[in-house]
Amino acid sequence: MTTQLNNREKINKSKIRVGRGIGSGKGKTSGRGVKGQKSRSGVAIKSFEGGQMPLYRRLPKRGFNSISTEHIAILNLNKIQSYIDKKKIKISEILNTELLKKLKIINKNSTKLKILGTGEIKDKVNIEANLASKSAVEKLEKIGGSIQLKK
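What counts, and where the lines are drawn
Starting afresh in each chain, residues are numbered from 1 along the sequence in its written order. Local features in this predicted model are restricted to residues whose pLDDT is 70 or higher, and side-chain atom pairs enter the listing and the counts only when it is 80 or higher, whereas totals over whole chains, interfaces and linings include all residues. Side-chain numbers come from the whole structure's heavy atoms, not from hydrogens or water. Exposure is judged per residue with a 1.4 Å probe applied to protein chains only, and the accessible area is read against the type maximum: over 50% gives exposed, under 20% gives buried, and values in between give partly exposed. Take the buried Ala, Val, Leu, Ile, Met, Phe, Trp, Tyr and Cys residues and link them wherever side-chain atoms come within 4.5 Å; each set so joined is a nonpolar core. Helix and strand assignments come from DSSP, with helices taken as H or I runs of at least 4 residues and strands as E runs of at least 2, each series counted from the N terminus. Note on definitions: a residue-residue contact is assigned when non-hydrogen atoms from the two residues lie within 4.5 Å. Between any two strands, at least two bridges found by DSSP are needed for them to pair.

**Thoughts on unusual backbone geometry**
Non-glycine residue Ser 30 carries a positive phi angle of around 55 degrees. Taking the relative accessible area as the measure of exposure, Ser 30 reaches 22% and is therefore partly exposed.

Spelled out as structure tokens, the structure:
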């Protein structure tokens, strides 16, 4: 029945049964050669490439976290405006890293603050930051706010 449905050769090939006598062509050592680690069952030499430099040593190391890296918190102008609208930030206060950490707006591990100019800001705000983009400075000065950059 199967020969009529599938008469292609590779589907009808039977699996080679190893270790079934000398006449089968795969008897005695079952095509594994003689003795040695690879002739035994259950042995796989993981990541061994026959003396060639293994793949895990050829590829570069990744995922190292340097001790000296500074964590820079990033704030966009539209985020600041949304916090003002939610009344989380008061306009009278000077926005700096200490205040933003206290309000849990930025991460407590961040050492520097960078202001970016994405979005619009409507209220006058005084900001004290370490870094700022040109567009952020322009937008803040246009509405009458100020930004002091720490050195």
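**With respect to the nonpolar core**
The biggest cluster of nonpolar side chains holds 21 residues, and the ones touching the most others in it are Leu 75, Ile 80, Leu 95, Leu 100, Leu 113, Ile 115 and Ile 127. Residue assignment for this core shows that the elements contributing at least two residues are β1 (72-76), α4 (77-85), α5 (97-102), β3 (112-116), β4 (126-129) and α6 (134-142). Per-element tally for this core: the top contributor is α4, with four residues. Once residues lying within four places of it in the same chain are set aside, the contact partners of Ile 115 are Leu 75, Leu 77, Ile 80, Ile 127, Ala 129, Leu 131, Ala 132, Ser 133, Ala 136 and Ile 147.

**Details of the sheet that holds β3**
Spatial strand order, β1-β3-β5: three strands in an open sheet with parallel pairing. Single-partner strands in this sheet number two, and they are β1 and β5 (131-132). In this sheet, β5 lies alongside β3 in parallel orientation, the contact comprising two bridges. Note on β5: the bridge partner recorded for Lys 114 is Leu 131.

Interpretation note: all reported values are geometric properties and have no functional meaning in isolation.
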